[in-house]
Structure formats: C-alpha cells, structure tokens
Amino acid sequence: MERLDKILANMGVGTRKEVKKLTRKGAVKVNGVTVTDSDIKIDEENDEITVFDQPLVYRKYVYLMLNKPSGYVSAVTDNRYPTVVELADDFYSNYDLFPVGRLDVDTEGLLVLTNDGALAHKVLSPKNHIPKKYFVKTKRQVTKEDVKMLQSPMDLGDFTTIPAKVEFCEDGVVICIYEGKFHQVKRMFEKTGNEVTYLKRISMGKLCLDEKLELGEMRELEEQEVQLLVLDKI
Ligand code: URA
C-alpha cells in the first residue's frame, strides 16, 4: 500500500502539490470511483487509477544510467559537493533515487541511479564479484611489470584483490576489477609506484556506458539492460 499522492507524483502526473490540487478537483478515480483525498493509501499494483479518465500504469522502480561528471559526489545528500542525484530531472524527484555504489568525486563515467534496493544489493554484494571496467590514465606509462602486479592478487592492507585484467589502449589502460573497495583502482596503481590522473568507469557487469551520453546526462535503462548489470559474475 502506498499514498495516492506519492504514486501519482512518481508517475509524473505532477508535483505532490499539483497532484493534491488535481485530486481535490475530482480528476482522479481509483477503481472507477472519484477520490478527492490524495492522502489515502491504495494498492499500487492492483488498484486501477485514472486521471481525467486516462488509465495510469504504475512504475515502482526506475533505473537511470548516468555519465557521471567530475565534481559530483555519489550520495543522496552532501554539504560540500553537489550530488549525482541532483543531476536527475525533476520528474524523478519523488522516486527516492540513490546511486548504486560510489565513484570518487573526481571519477567520471557509468553510475546507475535507482530506487530498487534489492537490485543495488545484488550488484554491490561482495559475494557476487560483479566485474567493473575502468579506463585509466596514469602519471607515468604503465609497464608490463605493472600489469603483472595488477593481474596478480594484490595485498592492499584491508583486503587482497582478485587478480584484475588489464589491457593497453590508445592513451591509457582498461582495468577490470571484481570488487568495489574504496579508491580501489587508485590504490592498485599506487602500489605499482604510479598515480592515476584520470579515471572513468566504462562498464558494470555486462552493462556498458552509453557513449552517446554527455557528461552529466542520464537516460532510463531498458529492462534487459537492468539484467545486464548483474550478469558476468565469476
Ligand atoms: N576506484 C577508484 O579508485 N575510484 C573510483 O571512483 C572507482 C574505483
């Protein structure tokens, strides 16, 4: 059961205030009966809601792919930096979005925002070892010896990595890691005596960043794309 005003706002009918007004005016029916009080609780999955006699299809969860820009913190609220949630369109303001995991403030790239706690838990559970790929630029060139170290278990003090996979590419390297510890990629390169100067996540599970998204832009994920997030476990 969920409050009618929240459901209507979530479905993009309007802000909570606008929705209350509409309901008071008699525009909203639940199971064919006009309701004027939007504070009532209804069964969002089974009750039929219409606005001006147009049926609404309820969406409980939303999934957004963001191309995170540098300078935004992966949190819902913060008193120092703007948050990734603030980048979402007002349309989503009633969905209680949060980021699935964290990218550092200066890291760019793929970040999923959702209100689906179960999905987030699956993606983030350390047991699941969901692979994450990052494009990395470093202060000095990465050597074959560095790659050997990165591709072996690395003791980072608080944990030992599952061997990463590293590939050279045009102006940096792509590393695939299987955990998501604090500053993990930066710490791994630091251990090789190097320094990360630019970091961008390019995939999570089998979900790749949509390169059409400009920094700071986001779009909804298709249903199949949501499933790609939790694929490719090892
Ligand atoms: N590893 C890091 O060091 N930083 C990130 O933002 C993500 C992975």
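In this text the structure is predicted, and so the values were computed from the model without any measurement. (Residues numbered from 1 in each chain as written. Predicted model: local features only at pLDDT ≥ 70, side-chain atom pairs only at ≥ 80, totals over all residues. Heavy atoms only, no water.)

**Some remarks on the pairing of strand 9 (residues 108–114)**
So, step 1. Where burial is concerned, most of strand 9 is hidden: seven out of the seven residues are buried.
So, step 2. One ladder, built from six bridges, connects strand 7 (residues 63–68) with strand 9; its direction is antiparallel. Pairing of N67 across the sheet is with L110, part of strand 9.
So, step 3. Pairing of strand 8 (residues 98–99) with strand 9 involves two bridges; the strand directions are antiparallel. Bridge pairing in strand 9 places P99 opposite L113.
So, step 4. Both strand 9 and strand 13 (residues 196–204) contribute to a ladder of two bridges, which runs parallel. Each bridged residue has a counterpart across the sheet, and for G109 the counterpart in strand 13 is R201. (Buried < 20%, exposed > 50% of the residue type's maximum accessible area, 1.4 Å probe, protein only. Helix = DSSP H or I, 4+ residues; strand = E, 2+ residues; numbered from the N terminus. Pairing = 2+ DSSP bridges.)

**Topic: the site of the ligand**
So, step 1. Contacts to the ligand come from L103, D104, T107, Y134, H183, Q184, V185, K186 and L199.
So, step 2. Between the ligand and the protein, one listed contact pairs a nitrogen atom with a backbone N or O atom of V185 at 3.1 Å.
So, step 3. Within the backbone of K186, one N or O atom sits 3.0 Å away from an oxygen atom of the ligand.
So, step 4. The cavity that encloses the ligand is the largest pocket.
So, step 5. Looking at the shell around the ligand, its residues break down into four nonpolar, three polar and two charged.
So, step 6. When residues are assigned to domains, the shell around the ligand turns out to be shared by domain 2 (61–128 + 206–234) and domain 3 (131–204), each giving three or more. (Near = heavy atom within 4 Å. Polar contact = N/O pair within 3.5 Å; in protein donor to acceptor, adjacent residues only side chain to side chain. 1 Å grid on protein atoms, 1.4 Å probe; cavity = no way out; pocket = protein on both sides within 12 Å on 5 of 7 lines; lining within 4 Å. Sits in = over half its atoms within 2 Å of the grid points. Nonpolar A, V, L, I, M, F, W, Y, C, P; charged D, E, K, R; others polar. Domains from an automatic or database assignment.)

**Structural notes on the packing of aromatic side chains**
So, step 1. Tallied over the entire structure, the rule returns three aromatic pairs.
So, step 2. With a centroid separation of 6.5 Å and an interplanar angle of 55°, the aromatic rings of Y61 and Y63 are classed as tilted.
So, step 3. Taking the relative accessible area as the measure of exposure, Y63 reaches 16% and is therefore buried.
So, step 4. Judged by centre distance (6.1 Å) and plane angle (65°), the rings of F135 and Y198 are edge-to-face. Of this pair, F135 sits in strand 10 (residues 132–138) while Y198 sits in strand 13, and the two are 63 residues apart along the sequence.
So, step 5. Residue class for Y198 comes out partly exposed when judged on its relative accessible area of 24%.
So, step 6. For the cation-ring pair, K137 lies above Y198, with the distance from its terminal atom to the ring centre recorded as 5.6 Å.
So, step 7. Across the ring face of F159, the terminal group of K181 is positioned such that the distance to the ring centre comes to 5.2 Å. (Phe/Tyr/Trp six-rings, centres within 6.5 Å; stacked < 30°, edge-to-face > 60°. Lys NZ or Arg CZ within 6 Å of the ring centre and 35° of its normal.)

**Some remarks on the sheet that holds strand 2 (residues 28–30)**
So, step 1. One open sheet accounts for four strands, arranged 3-2-5-6; its pairing is antiparallel. Each edge of the sheet is formed by a strand with only one pairing partner; in this case those strands are strand 3 (33–34) and strand 6 (54–55).
So, step 2. Strand direction decides the pairing type here: strand 2 and strand 3, joined by two bridges, are antiparallel. Of the residues in strand 3, the one forming a bridge with K29 is T34.

**A short note on the pairing of strand 13**
So, step 1. Where strand 10 meets strand 13, seven bridges bridge the pair, whose relative direction is antiparallel. Residue pairing across strands places K137 opposite Y198, the latter belonging to strand 13.
So, step 2. Two strands pair when backbone bridges link them, and strand 13 and strand 14 (residues 207–208) are joined in this way by two bridges, in the antiparallel orientation. Paired with S203 across the bridge in strand 14 is C208.
So, step 3. In this antiparallel pair of consecutive strands, strand 13 and strand 14, the connection spans two residues, and G205 shows a positive phi of 60°.

**Here's the deal with helix 3 (residues 117–124)**
So, step 1. When helix 3 is considered as a whole, its buried residues turn out to be L119, A120 and V123. One face of helix 3 carries all of its buried residues, which in axial projection span an arc of 100°. Every exposed residue of helix 3 that faces more than 90 degrees away from the buried side is listed here: A118 and H121.
So, step 2. Of the surrounding elements, those touching the buried residues of helix 3 are strand 7, strand 8, strand 13 and helix 6 (223–229).
So, step 3. The opening residue of helix 3, the one whose side-chain oxygen lies 3.2 Å from the backbone nitrogen of A118, is D116. (Arc of directions from axis to C-beta. Contact = heavy atoms within 4.5 Å.)

**Points about the environment of N67**
So, step 1. Tracing the sequence through the fold places N67 in strand 7.
So, step 2. In contact with N67, other than residues within four places in its own chain, are G109, L209, L213, E214, L215, G216 and E217.
So, step 3. From its side chain, N67 meets the backbone oxygen of L213 in a polar contact 2.9 Å long.

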